[in-house]
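Okay, here's what each chain looks like letter by letter:
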Amino acid sequence: HGRLKVKTSEEQAEAKRLEREQKLRLYQSATQAVFQKRQAGELDESVLELTSQILGANPDFATLWNCRREVLQQLEAQKPPEELAALVKAELGFLESCLRVNPKSYGTWHHRSWLLGRLPEPNWAQELELCSRFLEVDERNFHCWDYRRFVAAQASVAPAEELAFTDRLITRNFSNYSSWHYRSCLLPQLHPQPDSGPQGHLPEDVLLKELELVQNAFFTDPNDQSAWFYHRWLLGRADPQDALRCLHVSRDEACLSVCFSRPLIVGSRMGTLLLMVDDSPLNVEWRTPDGKNRPSHVWLCDLPATSLNDQFPQHTFRVIWTASDAQKECVLLKGHQECWCRDSATDEQLFRCELSVEKSTVLQSELESCKELQELEPENKCENMFISPSLGCLLTIILLMRALDPLLYENETLQYFQTLKAVDPMRAAYLDDLRSKFLLENSVLKMEYADVRVLHLAHKDLTVLCHLEQLLLVTHLDLSHNHLRALPPALAALRCLQVLQANDNAIESLDGVANLPQLQELLLCNNRLQQPAVLQPLASCPRLVLLHLQGNPLCQEEGILEDLVELLPSVSSILT
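Residues numbered from 1 in each chain as written. Predicted model: local features only at pLDDT ≥ 70, side-chain atom pairs only at ≥ 80, totals over all residues. Heavy atoms only, no water.

**Here's the deal with the packing of helix α7 (residues 142-154) against helix α8 (residues 159-172)**
In step 1: At a closest axis distance of 12 Å, the pairing of α7 and α8 adopts a crossing angle of 155°. Taken as axis vectors, α7 and α8 run roughly antiparallel relative to one another. Like other packed secondary-structure pairs, α7 and α8 cross with a definite hand, here right-handed. Contact residues: W145, R148 and A152 in α7; E162, F165, T166 and L169 in α8.
In step 2: Partitioning the contact of α7 with α8 into residue classes produces 4 nonpolar, 1 polar and 2 charged. (Axes fitted to C-alpha atoms, helices over the stretch in contact; angles between N-to-C directions. Helix = DSSP H or I, 4+ residues; strand = E, 2+ residues; numbered from the N terminus. Parallel < 35°, antiparallel > 145°, perpendicular 65-115°, else oblique. Left-handed = near helix turned anticlockwise from the far one by under 90°. Contact = heavy atoms within 4.5 Å. Nonpolar A, V, L, I, M, F, W, Y, C, P; charged D, E, K, R; others polar.)

Quick look at the structure:
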C-alpha cells in the first residue's frame, strides 16, 4: 500500500514485546473484573469505566457491549433526567472515539443504533452528519452505509434526498458497492408500481437514465465489479406477484392440478385455493404430489364423479388463489380426457422483460460497446482477485443478449460461456448451472413456438434442471447425454409425463421420480445407480411398465433382476 517497511533492531523488538505483554495483562485484568461484577449483579458506572478501557482499544468485544447495555438499562430507572442526558451524551462521544479506532466495528454501530432507538428525541440530523464524515474518510464503509439507512428511515428522510447523496459519492468514486446497492433500494421507493404491477420494476425513462450512468462507470474503470453488478440488477426483473401458471384437469385420473409461479403452501395464512365447478363452489382437499404439507409448485385435488359426468356437453373448472385473486379457468368437453389453461412463456415474458424500441436500441448499443471493451483486453486476468476483471464484462454481454433475443443469440451465448469458464475456472460449476438454466428457458420457448408437448434436452451438457413448473403438460422428455447427478423433486410437476429418457448421465438418486401418474416408460441406461433401494420411488408411479437400467453398477449384482421384480411388481419389462 505504498508504505515503507522500517526494520527494527533487536532492542526495539524486545521493547515492543514487553509493551504488548503489559497491555495484555491490563486487558485480561479488566476483562476479569467486568465478568466478576456482572456475575455478582453489580451493574454500576464502574462497569462502564472498565469496559471503556477495553473497548477503547478493541471495539469488537460483543459481550462487553452487552454489559454496557445492561448497565445503561439499569441506570435509566435510577438517574434523574439531567444526569441521564449527560450519561447518554458521554456514551455517544465514547462510541465515536471507538469508531475512530475501528470504523468497521459491528458492535459499535449496533450499540449506537440501540442507544439512539431508546432516546425520546434523538438528534437524527447529527447522526446523518456523523455518517457523512465517516463516509468522507471511506465511502465504501458498508457498516456506515447500513447505519445511514437506519438513520434515514428513522428521520423520514425523503428517498430523493438519499438518492442525491448516492449521486455525489458515486460521482466521486464509481467503485462503491454500497452506494450502488442503496440506489437499488431507493429507486423502487421513488417509483412505486401500481398494485397490479411487479414491485421493484422501474419506469423506462428512469431505467434508461440509470443504464447511462452505470455505463459511464464501467467504461471508466472496467476492472471494478460494483458497476457490473448494478447493471445486472437493472437488466433483471422484479419478482412478479404470485400467479397460477397452469390448470390441468384429467378425467382418467379424476384429478385437478394447479401449478404456481413459486413454491407455496395452500391453506396457510398466505392464502388458499377456491374451486368452482360449473359456477358452483366445490369443497376439496388440496395436497402436494408427495403428500407432504410443504411449499410446492404443484397442488392437486381429487374430483368427484359428478364433476366429470360425460352425459353433459361440458364442465367448467375455475380455481381462485385468494392471496392475490389470481385465477385460471378451463373447459372439459364431452368425449375429451383432459383440458388445461396455462400461461405462455412467450406471451407472458416469463424469462425476460418486454422491450420497447428505445430500450432495445440502448441495450443493443451497450452490447456492441461491451464487446469492444472485451476485445481490447481479451487476456486480461487478475490472479489475486475474487473476480477477474473481464468476468463482469462477459457476464453482462451474456445478459444483454438474453434480454435482447435469447434464441437469436443462443449459439453466441454458448461461446461466451466457454470464454467465461476459461477466464474464471473457479466458478465453472456456477457457470455450467447458469448455462443450463438459459438453455432450458430457450427449449421451453422453442417448444411453445412449435406447439408440441415433447421436449428434447439431450446432448446439451446440462448440470441442473429448472423451470420444471413450466412443463406440466409435457408428455415426452428426453434428458439423455447430459451431466445430471439427480432428478429433482420438482419433477413431480410433470403430471402428464409418459416417457422419460435419461440415459448417459451421472444419476445417483431417483427421489424426484415419484408420484408421476402417467409415467409409462423410464430409460436410465449408463448412469450411477448403485443399489436396488434407489429405485424405491418408482413404486409410486402406477402406470410404469418399462424400465431400462443397462450399464448401471447395480446391474452387476447377482440376482438383481429377481430383486427388482419383487421391488417393482407392476413393471412388466425390466432390462438390466
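Alright, that's what it looks like, and here's the rest.
**What about the packing of aromatic side chains?**
In step 1: For the structure on display, the rule yields 14 aromatic pairs.
In step 2: An angle of 80° between the planes, with centres 5.8 Å apart, marks the rings of W109 and F134 as edge-to-face. On the criterion of sequence distance, the pair formed by W109 in helix α5 (residues 106-118) and F134 in helix α6 (residues 124-137) is long-range, its members being 25 residues apart. Summarising the burial analysis for this pair, W109 and F134 share the class buried.
In step 3: Aromatic pair F260 and W321: ring centres 4.9 Å apart, planes at 70°, arrangement edge-to-face. Remark: W321 occurs in strand β6 (residues 314-321) and F260 occurs in strand β2 (residues 255-264); sequence separation between them is 61 residues. Each member of the pair F260 and W321 is classed as buried.
In step 4: Above the plane of the ring of F165 lies R148, whose end atom (NZ or CZ) is 3.5 Å from the centre.
In step 5: It is R149 that lies over the ring of Y182; its NZ or CZ is 5.6 Å from the centre. (Phe/Tyr/Trp six-rings, centres within 6.5 Å; stacked < 30°, edge-to-face > 60°. Buried < 20%, exposed > 50% of the residue type's maximum accessible area, 1.4 Å probe, protein only. Lys NZ or Arg CZ within 6 Å of the ring centre and 35° of its normal.)

**Things to note about the sheet that holds strand β5 (residues 296-302)**
In step 1: Pairing is antiparallel across the open sheet formed by 4 strands, whose spatial order is β5-β2-β1-β8. This sheet does not close on itself; its edge strands, each paired only once, are β5 and β8 (338-342). Neighbour-to-neighbour, the strand axes of this sheet turn through a mean angle of 15°, independent of strand direction.
In step 2: Bridge analysis of strand β1 (residues 244-250) against β8 gives 5 bridges, and the strand direction is antiparallel. (Pairing = 2+ DSSP bridges.)

**Comments concerning the sheet that holds strand β7 (residues 326-333)**
In step 1: Strand order across the open sheet formed by 4 strands is β4-β3-β6-β7, with antiparallel pairing between neighbours. Looking along the sheet, the strands with just one partner apiece sit at the ends: β4 (280-282) and β7. Pairs of neighbouring strands in the sheet enclose a mean axial angle of 25°, with direction left out of account.
In step 2: Here strand β3 (residues 273-277) runs beside β6; their pairing, made up of 5 bridges, is antiparallel. Bridge assignment links L275 to a residue of β6, and that residue is V319.

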